[in-house]
Amino acid sequence: MADPRKTEQMTSGAGFIAALDQSGGSTPKALRLYGVEESEYSSEDEMFDLIHAMRTRIVTSPAFNGDRVVAAILFEQTMDREIEGKPSAAFLWEDKNVVPFLKIDKGLEAEADGVRMMKPIPGLDATLERAAKLGIFGTKERSVIDAASPSGIKAIVDQQFDLGNQVLAHGLIPIIEPEVTISIADKAEAEEILLAELIRRADALPEGTQVMLKLTLPEQANLYKPLVDHPAIMRVVALSGGYSRDEANARLAQNTGVIASFSRALTEGLSAGQSDAEFNATLDSTIDGIYKASVAG
């Protein structure tokens, strides 16, 4: 069963979720934005050491704690590493009062029927069992919608909820993330279809069962309010999805009850070359802006 203190924080805590889950494919870009070029490492192991150092610098900063950051999503390698001599998940919860989640998806299939489904996730039950023992509260799994395709969106939501049921069976809370690409011409139409499909599957969950949703900020403010109010939805969070931090914050503030779960927008402006004072001041300002947008509704 989920830790009741973590459940309370995720249900009603004021703040946002830090997405610190860059995987192998997105790590070089994240490091480049942080000021670390690919020429500065010569192997995947060195690359992951550098991204772990960046994440460690973020979560050990005085600006980063449960007063404004209610949770953090980790990459599997981060979960299996330590921060200041403790397993990462334990450090987050015990030292920072931040609820730890784990990214479990292994990337996307090629686009078909207007969507990109999740690839198979080998050994998932063993990973979930290990995560639960390490104090992970829940998971995050991403797929992508590239067109307002009713059949494609139904398929992507069904895959997400079926996987969510597997996560729930391990006593963990899934964050279901069917991202809508922000640049598509029929984004608003795709979001209307997505809303109906999410309600359909949420209505079918057993009484007392809850999941979370991570959604692209919608074209129509408060479109997802029925999901915010749904008894089977613990929390609705928003991804930045390619919007600048300022635009993401502005859109987020218009959606009542939705909190942020930003990745690139969280690390925007941070640099490996900054002094600790500069780094902490930049991170504090960023966290404050995302926090205010998350509680604005």
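Rules behind the numbers
Residues numbered from 1 in each chain as written. Predicted model: local features only at pLDDT ≥ 70, side-chain atom pairs only at ≥ 80, totals over all residues. Heavy atoms only, no water. Core = buried A, V, L, I, M, F, W, Y, C linked by side-chain atoms within 4.5 Å. Buried < 20%, exposed > 50% of the residue type's maximum accessible area, 1.4 Å probe, protein only. Contact = heavy atoms within 4.5 Å. Helix = DSSP H or I, 4+ residues; strand = E, 2+ residues; numbered from the N terminus. Arc of directions from axis to C-beta. Phe/Tyr/Trp six-rings, centres within 6.5 Å; stacked < 30°, edge-to-face > 60°.

Caption draft 1: Examining the nonpolar core more closely. Counting residues in each nonpolar core, the largest one holds 77 residues, and the members touching the most others are Phe64, Leu194 and Leu213. With residues up to four places along the chain from it excluded, the contact list for Phe64 reads Ala18, Leu20, Ile58, Val59, Val69, Ala72, Leu92, Lys96, Val98 and Ile287.

Caption draft 2: Layout of helix H10 (residues 245-253). All of the buried residues in H10 are Arg245, Ala248, Asn249, Arg251 and Leu252. All buried residues of H10 fall inside an arc of 165° around its axis, so they share one side. Lining the buried residues of H10 we find helix H8 (187-203), strand S10 (233-239), strand S11 (259-262), helix H11 (264-267) and helix H12 (276-295).

Caption draft 3: Quick look at the packing of aromatic side chains. With the rule as written, the count across this model stands at 2 aromatic pairs. Here Phe48 and Phe75 contribute two aromatic rings whose centre-to-centre distance is 5.6 Å and whose plane-to-plane angle is 25°, an arrangement assigned as stacked. Of this pair, Phe48 sits in helix H3 (residues 44-59) while Phe75 sits in the loop between strand S2 (69-74) and helix H4 (76-79), and the two are 27 residues apart along the sequence. One exposure class covers both Phe48 and Phe75, and it is buried. Between Phe101 and Phe137 the ring centres are 5.6 Å apart and the planes differ by 80°, which places this aromatic pair in the edge-to-face class. Of this pair, Phe101 sits in strand S5 (residues 99-103) while Phe137 sits in the loop between helix H6 (124-133) and strand S7 (138-145); the two residues are 36 residues apart in sequence, bridging distant segments of the chain. Take Phe137: its relative accessible area is 2%, and that puts it in the buried class.

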